[in-house]
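Below, each chain spelled out in residue letters.
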Amino acid sequence: MRTAYRTCPLCEAACGLELTVDEDRVVSARGDREHVFSHGFVCPKGASFGQLSDDPDRLRRPLVNGVEVGWEEAFRAVREGLRPLLDRYGSQALALYLGNPNAHTMSGGLYVPPLIRALGSRNVYSASTVDQMPKHVSCGYLFGNPNIIPVPDLDRTDFLLVLGANPWESNGSLATAADFPGRLKALLARGGRFVVVDPRRTRTAAAASDYIPIFPGTDALLLFAIVHTLFDEDLVDLGDVSGHVVGVDAVRALALDFPPALVSEMCGIPDDRIRSLARELAAAPTAAVYGRIGTCTVEFGTLTSWLVDVVNTLTGNLDRPGGVMFPLAAHTSGAARPGKGFRIGRWHSRVRGLPEVKGELPVATLADEIETPGDDQVRALITIAGNPVLSTPNSGRLDRALTGLDFMVSVDPYLNETTRHADVVLPPTDSVRKGHYDFAFLTLAVRNFAAYSPPVLPPEPGIPDECDILARLSLILSGQDDADPSVFHDHLLHQALTRVPDSAHALVTGAHPAERLLDVALRTGAYGDGFGTNPGGLSLQRLLDAPHGIDLGPLQPRLPEALRTPSGKVELCPPPLAAEAARLRESLSRDRADMVLIGRRHLRSNNSWMHNVPALMKGRARCTLQVNPADAIRLSLTDGESAQVTSRAGTLTATVEVTAAVMPGVASLPHGWGHDLPGTRLSVAATTPGVNSNILTDELAIDPLSGNSVLNGIPVEIKPTPAT
Ligand SMILES: Nc1nc2c(c(=O)[nH]1)N[C@H]1C(S)=C(S)[C@@H](COP(=O)(O)OP(=O)(O)OC[C@H]3O[C@@H](n4cnc5c(=O)[nH]c(N)nc54)[C@H](O)[C@@H]3O)O[C@H]1N2
Ligand SMILES: Nc1nc2c(c(=O)[nH]1)N[C@H]1C(S)=C(S)[C@@H](COP(=O)(O)OP(=O)(O)OC[C@H]3O[C@@H](n4cnc5c(=O)[nH]c(N)nc54)[C@H](O)[C@@H]3O)O[C@H]1N2
Ligand code: SF4
Ligand SMILES: [Mo]
């Protein structure tokens, strides 16, 4: 038995795990008490880390047409499947879908961008457009860079306003904060307050100083009314950033249209509570507004995400300790650079004409591109770490569309609802045999730190790891069919070293191609050793020597260096958002749907893919349709019995759970379920399949600026399931 330390790759919290390893098995996992960021915190998912690797359903060899084959044969099948299609129809005929775990692997951070370049197709889709794309777009406009996202300074703030996030279950998102609940309890303990705005009284809401129910999809109205109040009551004070912000007066003019009394009914929040919330934000010594899924996956997602930071700015909380701040990750340089600004729509989707955002198209239109004949019709698909058949809107339609593809390849360890359609499945090795560095989440951490975990177990001979798999795919896409992946690894390292003096090239260390790329990024990064110019600075070796991570201190103010806008200022009132404000104003005249559907997460879930771990599946059935007692009476629904739920996109039957936790007019059903489709290999999940909530979500409903799907606030009709 030996002990190994590894960052948990299962959610954004980036906890350190202490693993007990017996020869080639992880027998237990617990929180690493010496970890500089997580201090021993672990959740049930992290504790099941070893069981994920042991799962007998996990694919260990590639599948070609459902039959296990060797790796060379699998890559040959990929080449023989793709090459004729690319030759005949061109690269646009091949689409790529990238799922969420790409943000949690080194291959996702290092090998996906070059794969996209090798693909040469505009048909790139990802889970980002069912998630956080609105935040990227709003930050792109505000700060000039869609990847610079301010995070709440949880450990120092006096007042936190949480909109549409449930960190007690999710462990936080777009704010990497191991033990997020513990950090909020510490906020209360030091005399601070946090207020939760959510249509459902979540565990986070129950722990809060105050809980404010809100009707789904109306946070933009609430936030605009807060902005209105801040101006109306002369509470605006930008503080230290005032010299770096333009557009304040234009925001004031827009907010005139949204007095609290006007939006109160739509939001379901009394207008005096809206005003008092504005006053609390302005009066707190420091305050932060934090919005997540419930503010992104809605029709006005980008506008809402923007308003979050407008309020932060107007209350003087942008870029100051205790407010919202910009992390500085070790693999990034952080140096000031002139900005070109941000724009969307460099190309448009073929069928619906939806604008490109950050190099991708909305996944809500993937089925259109597959089903609609014509030049550049999508005929082949690569999925990497994604399960869009359960995760994306009107997934019933997407599921059918996938059967019409000429060829499909999936890089995924499971034969699930999506990968069952693939002609070739390429399973990556499990996390135990992968190194780990959080390229995505260290740029979102509420305290700067760095950690690298080398593989816990050595690679198995002859088995490619995920970087090798993506390298092989990239080579096939660029016509170098039989080249060894090392050709591609060397090419990437060469590129990474273009700005490093030749004399330093021999200094790069690392046992694996990904480690060498990380070494270059760290040494040329903000805290790096500069290959000798900054002795004592970070390098791969420094991180290898620090298995519990290296603390880099609390977040520091980063304006104006972090800005990439053409003006070099925070552009508080970008024209595309001003136009959205006008559309929001018009939406006030709409009728409210009788019942709307929202989602739900559970601590022991992880989107669609961890329902096959027995330890996480214990307890009561979780895939229930929650409705308020008043609605249950009104709609004749009975707790424990089944109801039929219908939307524009589809119909499903779910078990009713009557609870006052959801507000009247709102029903809640978790996503990621529906494991009863044929052709999958998920024996544990199949015993408690649940239903797929994305049968009901509507692919036509999107936030126009980001292309993000509307997954919350779906109009539905609910009735008792008719007896047959
Ligand atoms: N209605 C509704 N729908 C939602 C949401 C919602 O709130 N409501 N949330 C949305 C959000 S936020 C997200 S991020 C998406 C997620 O959408 P997806 O990313 O499409 O779905 P996941 O369930 O995360 O599927 C992850 C896949 O990656 C595989 N996998 C796991 N580890 C690895 C690995 O190391 N390498 C590879 N190659 N594969 C791996 C799993 O087997 C699984 O097939 O769902 C979205 N869908
Ligand atoms: N246990 C677990 N953890 C996870 C995941 C998981 O599936 N399970 N998924 C991971 C992923 S990929 C992500 S992106 C994060 C997401 O992290 P969070 O955003 O914290 O996740 P949710 O629990 O979906 O919280 C969203 C909340 O928004 C509320 N909501 C819905 N509509 C509205 C609205 O219109 N307005 C407001 N104000 N609130 C609304 C919902 O009721 C819900 O409580 O979680 C990550 N962590
Ligand atoms: S909170 Fe997230 S990172 Fe931490 S142990 Fe749980 S799943 Fe892993
Ligand atoms: Mo997500």
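Here the structure is shown first, and the text comes after it.
Everything quoted here is computed from the prediction, not taken from an experiment.

Right, let's talk about the site of ligand 1 for a bit. Taken together, 30 residues lie near ligand 1, and Y97, N100, D412, E466 and S608 sit nearest. Interatomic distance of 3.4 Å between a side-chain N/O atom of H671 and a nitrogen atom of ligand 1. Between ligand 1 and the protein, one listed contact pairs a nitrogen atom with a side-chain N or O atom of N694 at 2.9 Å. A total of 920 Å² of accessible area belongs to ligand 1 in isolation, and the protein chains cover 96% of it. Residues belonging to the shell around ligand 1 are distributed by class as follows: 13 nonpolar, 12 polar and 5 charged.

With that settled, the discussion passes to the packing of helix α10 (residues 219-232) against helix α11 (residues 248-255). Relative to each other, α10 and α11 sit at 115°, their axes nearing to 9 Å. In terms of orientation, α10 and α11 fall into the roughly perpendicular class. α11 is crossed by α10, and the crossing has left-handed handedness. Contact residues: F224, V227, H228 and F231 in α10; V248, V251, R252, L254 and A255 in α11.

The next subject is the site of ligand 2. Neighbouring ligand 2 are 31 residues, the closest being D198, G217, D219, H602 and N607. A distance of 3.1 Å is found between an oxygen atom of ligand 2 and a backbone nitrogen or oxygen belonging to I293. The backbone of S605 places a nitrogen or oxygen atom 2.8 Å from a nitrogen atom of ligand 2. When the free accessible area of ligand 2 is taken as 920 Å², the share hidden by the protein chains comes to 98%. Elements with a minimum of two residues in the shell around ligand 2: α7 (167-170) and α14 (293-296). Of the residues that constitute the shell around ligand 2, the class distribution is 10 nonpolar, 13 polar and 8 charged. Two domains share the shell around ligand 2, each providing at least three of its residues, namely domain 1 (133-326 + 573-584) and domain 2 (593-724).

A few words now on helix α19 (residues 466-477). The α-helix advances 3.6 residues per turn, and as a result positions three or four apart in sequence lie on the same side. With 12 residues, α19 extends 16 Å between its outermost C-alpha atoms, agreeing within 8% with the 16 Å of an ideal straight helix rising 1.5 Å per residue. Among the 12 residues of α19, 12 are classified as buried, and the element is accordingly described as predominantly covered. Looking at α19, one finds that the buried residues are E466, C467, D468, I469, L470, A471, R472, L473, S474, L475, I476 and L477. The opening residue of α19, the one whose side-chain oxygen lies 3.1 Å from the backbone nitrogen of C467, is D465.

Enumeration over the complete set of coordinates arrives at 39 salt bridges. The closest approach of N and O atoms between E460 and R433, which form a salt bridge, is 3.6 Å. Remark: R433 occurs in the loop between β17 (424-426) and β18 (447-450) and E460 occurs in the loop between β18 and α19; sequence separation between them is 27 residues. On the accessibility criterion, E460 (35% relative accessible area) is partly exposed. Of the residues examined, R433 reaches a relative accessible area of 17% and is grouped as buried. As a salt-bridge pair, D529 and R523 come within 3.0 Å of each other at their nearest N and O atoms. For the pair formed by D529 and R523, the shared burial category is buried. Several salt bridges share partner residues, and in doing so they unite R352, D368, E371, R397, R648, D698 and E699 into one network.

Rules used throughout
Here the residue numbers are simple positions, counted from 1 along each chain's written sequence. Chains and ligands are labelled sequentially in the order written, the chains with letters from A and the ligands with numbers from 1. Only residues with pLDDT of at least 70 get local features here, since the model is predicted, and only at 80 or more are side-chain atom pairs given and counted; chain-wide, interface and lining totals rely on the full set of residues. The side-chain quantities take in all heavy atoms of the structure and omit both hydrogens and water. We call a residue near a molecule or strand when any one of its heavy atoms sits within 4 Å of it. As used in this structure description, the phrase polar contact means that two N or O atoms lie within 3.5 Å; if the pair is within protein, one of them must be able to donate a hydrogen and the other to accept it, and residues adjacent in sequence are counted only when both atoms belong to side chains. Surface exposure here means Shrake-Rupley accessible area, sampled with a 1.4 Å probe, where a residue is shielded only by the protein chains that are shown. Charged means Asp, Glu, Lys or Arg here, nonpolar means Ala, Val, Leu, Ile, Met, Phe, Trp, Tyr, Cys or Pro, and polar covers whatever is left, Gly included. Structural elements are reduced to axes, namely lines fitted to C-alpha atoms, with helices fitted over the stretch in contact, and the angle between N-to-C directions of any two is expressed from 0 to 180 degrees. For helices the rule is a DSSP run of H or I covering at least 4 residues; for strands it is a run of E covering at least 2, with both sets numbered from the N terminus onward. Angles are sorted into four bins: roughly parallel if under 35 degrees, roughly antiparallel if over 145, roughly perpendicular if 65 to 115, and oblique for all others. Crossings are assigned a handedness: left-handed for a near helix turned anticlockwise from the far helix by less than a right angle, right-handed for a clockwise turn. Throughout, a residue-residue contact means that at least one pair of heavy atoms, one from each residue, lies within 4.5 Å. Residue ranges assigned to each domain were obtained from an automatic or database domain assignment. An expected span of 1.5 Å times one less than the residue number is assigned to each helix. Three exposure classes are used, based on accessible area relative to the maximum for each residue type with a 1.4 Å probe and protein chains only: buried under 20%, partly exposed in between, and exposed over 50%. Any carboxyl oxygen of Asp or Glu within 4 Å of a side-chain nitrogen of Lys or Arg constitutes a salt bridge here.

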